[in-house]
Amino acid sequence: MTPQPADENPAALHRSAEQAALGPPPPAELGARDPEQRLTELLEHCNDRRLGPVPTDDALPAGYSGTFGHFPVYFPEEIVHAGGLLPVNLLGGGNKLELKYADAHMGSFICSICRSTTEMGLNGSLKSLTGFVTHPICDAAKHLGGIWARNFPEQLAQILYLPQNPNTPGAVRYTAAEYQRLRGDVEKQLGRPIDDEALWRSIRTYNRNRALLRELYALRAAEPWKVSCTESYLLLRARTRMPAETHNLLLEEALGLLRARKRVAQDKPRVVFVGGFCEQPPLEMLEAIDDTCYVVDDDLLIGLRWLTADVPEAGDPVWALAEAFVEHAAASPVQHDERKTKEAYLMDMVRGSRADAVIVTAAKFCEPGLDEQVAWSKHLDAVSVRHLVLEFEEKMTSFEQMAMQLETFAESLLFALA
Amino acid sequence: MSTSAADPTQAPEGAVPEFNAQKEGQRLFKDWYGGLEHAKERGQYVANVFVMGNAVEILRTFDFQLVFPEINSLQMGVRKVSEEYLRDSEDYGYSPDVCSYVKADVGLILRQQKHPAGTIPKADIAIVSNMCSTFIKWGEIWERMLDTPSFVLDLPGQRGSSWRVRPGDAQHMADAQWIEAQFRDLIGRCEKITGKRFDMDRLAEVEDRVNRMVHHWNNVMALNRACPAPYNAMLDGLTYIGIMNVYRGTEEGVQFMRQLDEQLSAKVARGEGRIDNERFRLLFSGTPCYVSMRRLVELFESWGGVFAYSDYLTFAAGGMDAGELVYDTSRPLESLAEITALAAQRGLSNQFFAHERLAQQLREYDVDGIVFHGIKSCRFVSSGMADTRNYLTERLKIPSLYIESDLIDPRYWSDAQIKNRVDAFFESLQQRSGGAPGDTKIRLPVVGGPS
Ligand code: SF4
Ligand code: SF4
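To start, this report covers the structure provided alongside it. (Residues numbered from 1 in each chain as written. Chains lettered and ligands numbered in written order. Predicted model: local features only at pLDDT ≥ 70, side-chain atom pairs only at ≥ 80, totals over all residues. Heavy atoms only, no water.)

## Let's talk about the overall build of chain B
- The number of helices and strands found in chain B is 17 helices and 10 strands.
- For 451 residues, the compact-globule estimate of 2.2 N^0.38 gives 22 Å, and chain B sits close to it at 22 Å.
- The long-range fraction of contacts in chain B, counting pairs at least 24 apart against all pairs at least 6 apart in sequence, stands at 78%.
- Counting every atom, chain B has about 16,000 Å² of accessible surface; 48% of that belongs to carbon and sulfur.
- Charged side chains of chain B number 51 positive and 61 negative; the gap between the two group centres comes to 3 Å. (Helix = DSSP H or I, 4+ residues; strand = E, 2+ residues; numbered from the N terminus. Rg over C-alpha atoms; globule rule 2.2 N^0.38 Å. Contact = heavy atoms within 4.5 Å. Areas by Shrake-Rupley, 256 points an atom, 1.4 Å probe, with all protein chains shown as cover. Lys, Arg positive; Asp, Glu negative; His and termini not counted. Charge placed at Lys NZ, Arg CZ, Asp CG, Glu CD.)

Written as structure tokens, this is what we have:
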């Protein structure tokens, strides 16, 4: 049977209370009538998904037979989605997870997202995954492939070798071959084919998702008082735990409500946030930033917004996905691309969002993030763009000092801009 | 590169001087650094390359002088000056958690390329592979600080466990095709930089020299399967891989490896070992601590423990220690891509699925125990180490020791702590074997196998 993702049958999204947990909360008519209250309801739902477990197979909506884990940054979710698997972006355990097993498997000098993702595997939270794919973004992430293979041999554990050289002619062909290989391996694991029709359906669903996310970010740049960084982040992150078609419904509704918000702009500096491409800063940190600044652009979960244009709905679907990866991709410290130096794309973000300043963060023990932090701050100094350097860890629980730093930073910016 | 072959020994006239790998290695290194110092004034082009995944064969075809920044950094450790460079780099802004090789190199740039071995010329191109992801970040630092363009050589590695790529199969060909496309791109760039046309015949000649060198290198690696082991993989072996890298594809390199092969073969035939009383054969997994290299080896050899094999010798020599990795010089470029695809996967990608290769090496080198050296700032070797150790200990019941320090940062070497751990490890090995101190080689059974 060719799996039919649920966008073909939206009614099937809420077959039971358990399954409904994967979809948006009940539509507005059944819930609150006040738009702000409804928005709160949607955001709470997103936050519950953030904190909640990976759904078990029996809690999946119609059309889905299992879940498929993938590590940041970018993963072509369409390939497993077309196979009737719910793509689950694994982002570590946040600041609520206590590590009991990972310490014996990973050194203390490894970044927190790798350690806590390993913990989630070892404590059984991820045992229902059909597979787990990591990428050559850094060496710690590559090692997760081996850790998975040794400890969870029943899952399809792989490193998807996305090219670090997208500039040599032939990169699209290589990427397409790598995607095709993954597709074949997933088919083997599933015991059924993933046909082109299903892939096209998934590409269409994700194209819609990409368009909605572009709208969300455009709204933030245009009227940041209508949607905070934390709210936008929660809306975006919800896709890591729900089908893309459901996420589309959620975004459509949320965008309507956000646009209609009646809010007055406050006296806050406009900033770009970078450093959230892999390990995720705690929500409290984003809230602290929102308290003092308007974050008009960021690289949080950039992998979920990696393809910057729609994937053309013509030709061969795998080729189309590969071509989009090579030709229409965002940027991050863990992707080399001669067409986009790290400094240049940061400055594009600053100019594109008309930001006054930058918050340059890096996750503790993250080699690529820490390397970039130096380069970015030197460059921002050179071009006289004000910036604040912060280091974070997903497991942080104390934010007072950071809040004070942010306050001082924002005040000095406002003073300089006045 | 200088091709002068001044005789380093003081042998009497007419007598053939005995080959001394250590001295000859030092002489070759000195020559190499001397060549670098004068490269620019001789009008030579310079390329930065790493020890893994580096396209040296192509660069030699264009007569590039090769700089190995990793070797520059480790040499700072060996010469006990690394801390100064590291501190400069930290003052500049780099976190203590960043790879110490990178930081030492940033320190070098901040000191206008003044290295204890001489001034390092600024490169015209850098070849950075994805084998260690930090290579790419390192290349980006040169782009910024020195204006050196980098070429990222993307080498697809082992995708999953039990990943078998057989020469010529569809997966191997797909990977090789991608690598060949990149080599062609690189050749175009080298032509632009040097103004020279690429010469396929010269590539074949370089490959022929690499083939001969690798032939002897394979023998050298295999010779340490003998008991007693003729050399210590983590001391003598470090000189050997240095030459494998710096002189790869040169006549001097071939000659060194041939002489080494002959000398070690004779040693094995005589039943001579690296130490007189080899009692425990060990496998070293990870990279050395170059600031305390001799000390580390001494701690083990004082107990009769010799490192018969180290995965460092495999990945840090580009993964060429396998018989099937021979270039077909009748089709030099295609063959270069095909062999590079295989060597990359062997050399390092299976670092990420290390249990498979290590299980095999434990048997091949008849090893009694395995020593894991975790390097705080090198996630490439260290991230999966504790997990690999658990896996091998459980499956193979192989005794193991885990120690932690750094490649070249002396601030992470804690002598007393490491000595205690090494001593405890040998006491337990001794107990396990039932041998008395002073006994020579004690055989310990390795039971089971990975399932
Ligand atoms: S946070 Fe940094 S070091 Fe950790 S997995 Fe992500 S990119 Fe790698
Ligand atoms: S991380 Fe390790 S392998 Fe990579 S450059 Fe640094 S020392 Fe070398």
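Still more ground to cover, so stick around.
## Points about the overall build of chain A
- When you go through chain A residue by residue, the secondary structure sums to 14 helices and eight strands.
- Once the C-alpha set of chain A is aligned to its principal axes, its extents read approximately 65 × 50 × 45 Å.
- Looking at chain A as a whole, 65% of its 418 residues are labelled buried.
- For chain A, restricting intrachain contacts to residue pairs at least 6 apart in sequence, the fraction spanning at least 24 positions comes to 72%.
- Surface exposure of chain A reaches about 14,700 Å², of which carbon and sulfur atoms provide 53%.
- Averaging the locations of the 42 positively and 59 negatively charged side chains of chain A gives two centres separated by 1 Å. (Buried < 20%, exposed > 50% of the residue type's maximum accessible area, 1.4 Å probe, protein only.)

## As for the site of ligand 1
- Around ligand 1 sit Phe71, Cys111, Ile113, Cys114, Ile137, Cys138, Phe277, Cys278, Glu279, Cys366 and Pro368 of chain A, and those are all the residues in its vicinity.
- Its residues assigned to classes, the shell around ligand 1 shows 10 nonpolar, no polar and one charged. (Near = heavy atom within 4 Å. Nonpolar A, V, L, I, M, F, W, Y, C, P; charged D, E, K, R; others polar.)

## A closer look at the sheet that holds strand 8 (residues 386-392) of chain A
Residue and element names in this part refer to chain A.
- Taken in spatial order, the four strands make up an open sheet running 6-5-7-8, and their pairing is parallel. Each edge of the sheet is formed by a strand with only one pairing partner; in this case those strands are strand 6 (294-298) and strand 8. With direction set aside, neighbouring strand axes in the sheet form an average angle of 25°.
- The pairing of strand 7 (residues 357-363) with strand 8 spans seven bridges and is classified as parallel. If you follow valine 360 over to strand 8, its bridge partner there is valine 389. (Pairing = 2+ DSSP bridges. Axes fitted to C-alpha atoms, helices over the stretch in contact; angles between N-to-C directions.)

## Some thoughts on the pairing of strand 5 (residues 125-129) of chain B
Residue and element names in this part refer to chain B.
- Of all five residues that make up strand 5, five are buried, and the element is covered over most of its length.
- Summarising the sheet, strand 1 (residues 46-49) and strand 5 pair through three bridges and their orientation is parallel. Following the sheet pairing, asparagine 48 is matched in strand 5 by alanine 126.
- Bridge count for strand 5 against strand 6 (residues 150-153) is four bridges, and the pairing is parallel. Bridge pairing links alanine 126 to serine 150 in strand 6.
- Note on the crossover from strand 5 through helix 6 (residues 133-146) to strand 6: the handedness is right-handed. (Right-handed = clockwise from strand over helix to strand, strands pointing away.)

## Structural notes on the site of ligand 2
Residue and element names in this part refer to chain B.
- Around ligand 2, the neighbouring residues are Cys99, Tyr101, Cys132, Thr134, Phe135, Trp138, Cys378, Phe380 and Leu407.
- Broken down by element, the residue count for the shell around ligand 2 peaks at three residues, all from helix 6.
- Of the residues belonging to the shell around ligand 2, the class tally is eight nonpolar, one polar and no charged.

## Thoughts on the sheet that holds strand 2 (residues 65-67) of chain B
All names here are of chain B.
- Read across the sheet, four strands follow the order 2-1-5-6 without closing on themselves; strand pairing throughout is parallel. The open sheet is flanked by strand 2 and strand 6, the only strands paired with a single partner. With strand direction ignored, the average angle separating the axes of adjacent strands in the sheet is 25°.
- Against the sheet, helix 6 contacts strand 1, strand 5 and strand 6, and its axis sits at roughly 160° relative to strand 5.

## So, the pattern of salt bridges
- Evaluated as defined, the whole model comprises 67 salt bridges over all chains.
- A salt bridge links arginine 183 of chain A to glutamate 187 of chain A; the nearest nitrogen and oxygen atoms lie 3.8 Å apart. Placement of the pair is arginine 183 of chain A and glutamate 187 of chain A together in helix 6 (residues 171-190), with a separation of four residues, close to one helical turn.
- One salt bridge in this structure joins aspartate 88 of chain B and arginine 111 of chain B, with 2.7 Å as the shortest N-O distance. Pair noted here: aspartate 88 of chain B is in helix 4 (residues 82-92) and arginine 111 of chain B is in the loop between helix 5 (100-110) and strand 3 (114-115), with a separation of 23 residues, a long-range link.
- Exposure remark for arginine 111 of chain B: the relative accessible area of 28% places this residue in the partly exposed category.
- One network of salt bridges, with partners in common, ties together Glu178, Arg181, Asp185 and Lys188 of chain A together with Arg159 and Asp175 of chain B. (Salt bridge = Lys/Arg side-chain N within 4 Å of Asp/Glu carboxyl O.)

## Some details on the side chain of arginine 210 of chain A
- By the element assignment, arginine 210 of chain A lies in helix 7 (residues 196-222).
- Judged by relative accessible area, arginine 210 of chain A falls into the buried class, the value being 8%.

## Some points on the packing of helix 9 (residues 236-246) of chain B against helix 10 (residues 251-270) of chain B
All names here are of chain B.
- At a minimum axis separation of 11 Å, helix 9 and helix 10 run at an interaxial angle of 150°. With respect to helix 10, the axis of helix 9 lies roughly antiparallel. Along this stretch, helix 9 crosses helix 10, giving a crossing that reads as left-handed. Counting all contacts with helix 9, which are made through Tyr240, Ile243 and Met244, the residues of helix 10 involved are Phe256, Met257, Leu260 and Leu264.
- Of the residues that constitute the contact of helix 9 with helix 10, the class distribution is seven nonpolar, no polar and no charged. (Parallel < 35°, antiparallel > 145°, perpendicular 65-115°, else oblique. Left-handed = near helix turned anticlockwise from the far one by under 90°.)

## Digging into the interface of chain A and chain B
- Listed as interface residues are 50 residues of chain A and, on the opposing side, 60 residues of chain B.
- When chain A packs against chain B, the two sides together hide about 4,500 Å² of surface, and 53% of this comes from carbon and sulfur.
- It is Phe109, His143 and Arg150 of chain A that lose the most area in chain A upon contact with chain B, and together they represent 18% of the buried surface on that side.
- Put simply, chain A and chain B have nine salt bridges between them.
- Its salt-bridge partner being glutamate 372 of chain A, residue lysine 137 of chain B comes within 2.4 Å of it at the nearest N-O pair.
- Top element by residues in the side of chain A that touches chain B is helix 5 (residues 139-151) of chain A. It accounts for 10 residues. (Buried area = accessible area lost by both parts, 1.4 Å probe.)

## Quick notes on the layout of surface pockets
Residues and elements named next belong to chain A.
- Taken as a whole, the second largest pocket holds about 560 Å³ of empty space.
- As for the second largest pocket, its lining consists of 27 residues, and the residues nearest its centre are Asp297, Arg305, Thr308, Ala330 and Met349.
- Of all the secondary-structure elements, those providing two or more residues to the lining of the second largest pocket are helix 7, strand 6 and helix 12 (342-352).
- Ranked by residues supplied to the lining of the second largest pocket, first place goes to helix 7 with six residues.
- By residue class, the composition of the lining of the second largest pocket is 14 nonpolar, four polar and nine charged. (1 Å grid on protein atoms, 1.4 Å probe; cavity = no way out; pocket = protein on both sides within 12 Å on 5 of 7 lines; lining within 4 Å. Points joined across faces, edges and corners; volume = space filled by probe spheres on them.)

## Examining helix 8 (residues 229-237) of chain A
- Counting buried positions along helix 8 of chain A yields nine of nine residues, so the element is predominantly enclosed.
- Along its buried surface, helix 8 of chain A packs onto helix 2 (35-51), helix 7, helix 9 (244-259), helix 10 (283-292) and strand 6 of chain A.

## Concerning the environment of valine 318 of chain A
Residues and elements named next belong to chain A.
- Here valine 318 is to be found in helix 11 (residues 317-327).
- Counting along the chain gives 33 residues from valine 318 to methionine 285, while the straight-line C-alpha distance between them is 38 Å.
- Non-local contacts of valine 318, meaning those with residues more than four positions away in its chain, are made with Ala176, Tyr179, Gln180, Arg183 and Leu199.

## Section: the nonpolar core
- If you look at the biggest cluster of nonpolar residues, it comprises 283 residues, and the most contacted ones within it are Tyr179 of chain A together with Trp217, Tyr240 and Phe300 of chain B.
- Not counting residues within four places of it along the chain, the set of residues in contact with tyrosine 179 of chain A comprises Tyr74, Pro76, Ile79, Leu160, Leu162, Val318, Leu321, Ala322 and Phe325 of chain A.
- Among the nonpolar cores identified, the runner-up in size contains 15 residues, and Val272, Val296, Tyr345 and Ala355 of chain A belong to it. (Core = buried A, V, L, I, M, F, W, Y, C linked by side-chain atoms within 4.5 Å.)

## Looking at the side chain of arginine 60 of chain B
- Relative to the assigned elements, arginine 60 of chain B resides in helix 2 (residues 56-61).
- One polar contact links the side chain of arginine 60 of chain B to the main-chain carbonyl oxygen of valine 246 of chain B, over a distance of 2.8 Å. (Polar contact = N/O pair within 3.5 Å; in protein donor to acceptor, adjacent residues only side chain to side chain.)

## Focus: unusual backbone geometry
- The step from proline 72 of chain A to valine 73 of chain A runs through a cis peptide bond, and the omega angle for that step is 10°.
- Position of valine 73 of chain A relative to the elements: it lies in the loop between strand 1 (66-70) and helix 3 (77-81).
- With an omega of 5°, the peptide bond between cysteine 227 of chain B and proline 228 of chain B qualifies as cis.
- Within the secondary structure, proline 228 of chain B sits in the loop between helix 8 (200-223) and helix 9.
- For glutamine 112 of chain B, which is not glycine, the phi dihedral falls at a positive 50°.
- With a phi angle near 55°, lysine 397 of chain B is a residue other than glycine that sits in the positive phi range.
- Summarising the element assignment, lysine 397 of chain B is placed in the loop between helix 16 (385-396) and strand 10 (400-405).

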